[in-house]
Amino acid sequence: MELYKIEIILEKYFEGRTTIVEENELRTYFSSPEVAQHLIQYKSMFGFFVEAKAAQLQQLKPFLQKKSNKKPYLIGLSIAASVVVLLGIGFFDYYNKQTITQDLGTYDNPEVAFKATQKALTLLSNNVNVGVKSVQYIGEYENSKNFIFKK
């Protein structure tokens, strides 16, 4: 691998901006016997990372082996529990869909739809007008404040 590329990746590594692929390239480079003389100081650091990963894997081996020795009745019990939960969810969903009927506000007659729309817009207009009146009070407050605290 080209030396300048390794130096750039190493600089990015110490700034915390490398990707997994770039870090793997660094590990591969520093585990090879052909490390540049001015970069030899980093070889032990990357070697430590490889050794630590191997040691961690050795510690996890007993746990991974124990997982495969599950008793058959526990597997069957967990499958049965999953089936019961799925059936419960299915029945709940089925009965809820049958009992809930919702009026979506659709109209077959255009005149009735027009009147319902007018009613909704009137209600909206009344509420907006209440908000506009509140803003007028703020304008009066600003005028009074400016009168008292002249700039």
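Residues numbered from 1 in each chain as written. Predicted model: local features only at pLDDT ≥ 70, side-chain atom pairs only at ≥ 80, totals over all residues. Heavy atoms only, no water.

> For the packing of helix H1 (residues 3-15) against helix H2 (residues 20-31), give the residues involved together with the corresponding values.
As a packed pair, H1 and H2 sit with axes 10 Å apart at the nearest point and diverge in direction by 120°. Here H1 lies oblique to H2, going by the angle between them. Between H1 and H2 lies a crossing whose hand is left-handed. Each of Leu 3, Lys 5, Ile 6, Ile 9, Leu 10, Lys 12 and Tyr 13 in H1 lies in contact with H2, whose residues at this interface are Glu 22, Glu 23, Glu 25, Leu 26, Tyr 29 and Phe 30. The residue inventory of the contact of H1 with H2, partitioned by class, reads eight nonpolar, no polar and five charged. (Axes fitted to C-alpha atoms, helices over the stretch in contact; angles between N-to-C directions. Helix = DSSP H or I, 4+ residues; strand = E, 2+ residues; numbered from the N terminus. Parallel < 35°, antiparallel > 145°, perpendicular 65-115°, else oblique. Left-handed = near helix turned anticlockwise from the far one by under 90°. Contact = heavy atoms within 4.5 Å. Nonpolar A, V, L, I, M, F, W, Y, C, P; charged D, E, K, R; others polar.)

> Before we move on, could you go through the confidence of the model for the protein and cite the residues and values that matter?
Detail in the predicted coordinates should be disregarded across regions flagged by low pLDDT. In the predicted model, the protein carries a mean pLDDT of 80, and the fraction of residues at 70 or more is 87%. Least confident of the elements in the protein is helix H3 (residues 43-67), whose mean pLDDT is 73; most confident is H1, at 87. (pLDDT = per-residue confidence, 0-100.)

> Please set out the pattern of salt bridges residue by residue, giving values where relevant.
Working definition: two side chains of opposite charge can pair if their charged atoms are close together. Inspection of every chain in the model, using the stated rule, returns four salt bridges. Between Glu 23 and Arg 27 there is a salt bridge, with the nearest N and O atoms lying 3.8 Å from each other. You can see Glu 23 and its partner Arg 27 sitting in helix H2, four residues apart, about one turn around the helix. You can call Arg 27 partly exposed: its relative accessible area is 29%. In this structure, Glu 142 and Lys 145 form a salt bridge, with 3.7 Å as the shortest nitrogen-oxygen distance. Highlighted residues: Glu 142 and Lys 145, both in helix H5 (residues 110-148), separated by three residues, approximately one helical turn. Since its relative accessible area comes to 32%, Glu 142 is described here as partly exposed. (Salt bridge = Lys/Arg side-chain N within 4 Å of Asp/Glu carboxyl O. Buried < 20%, exposed > 50% of the residue type's maximum accessible area, 1.4 Å probe, protein only.)

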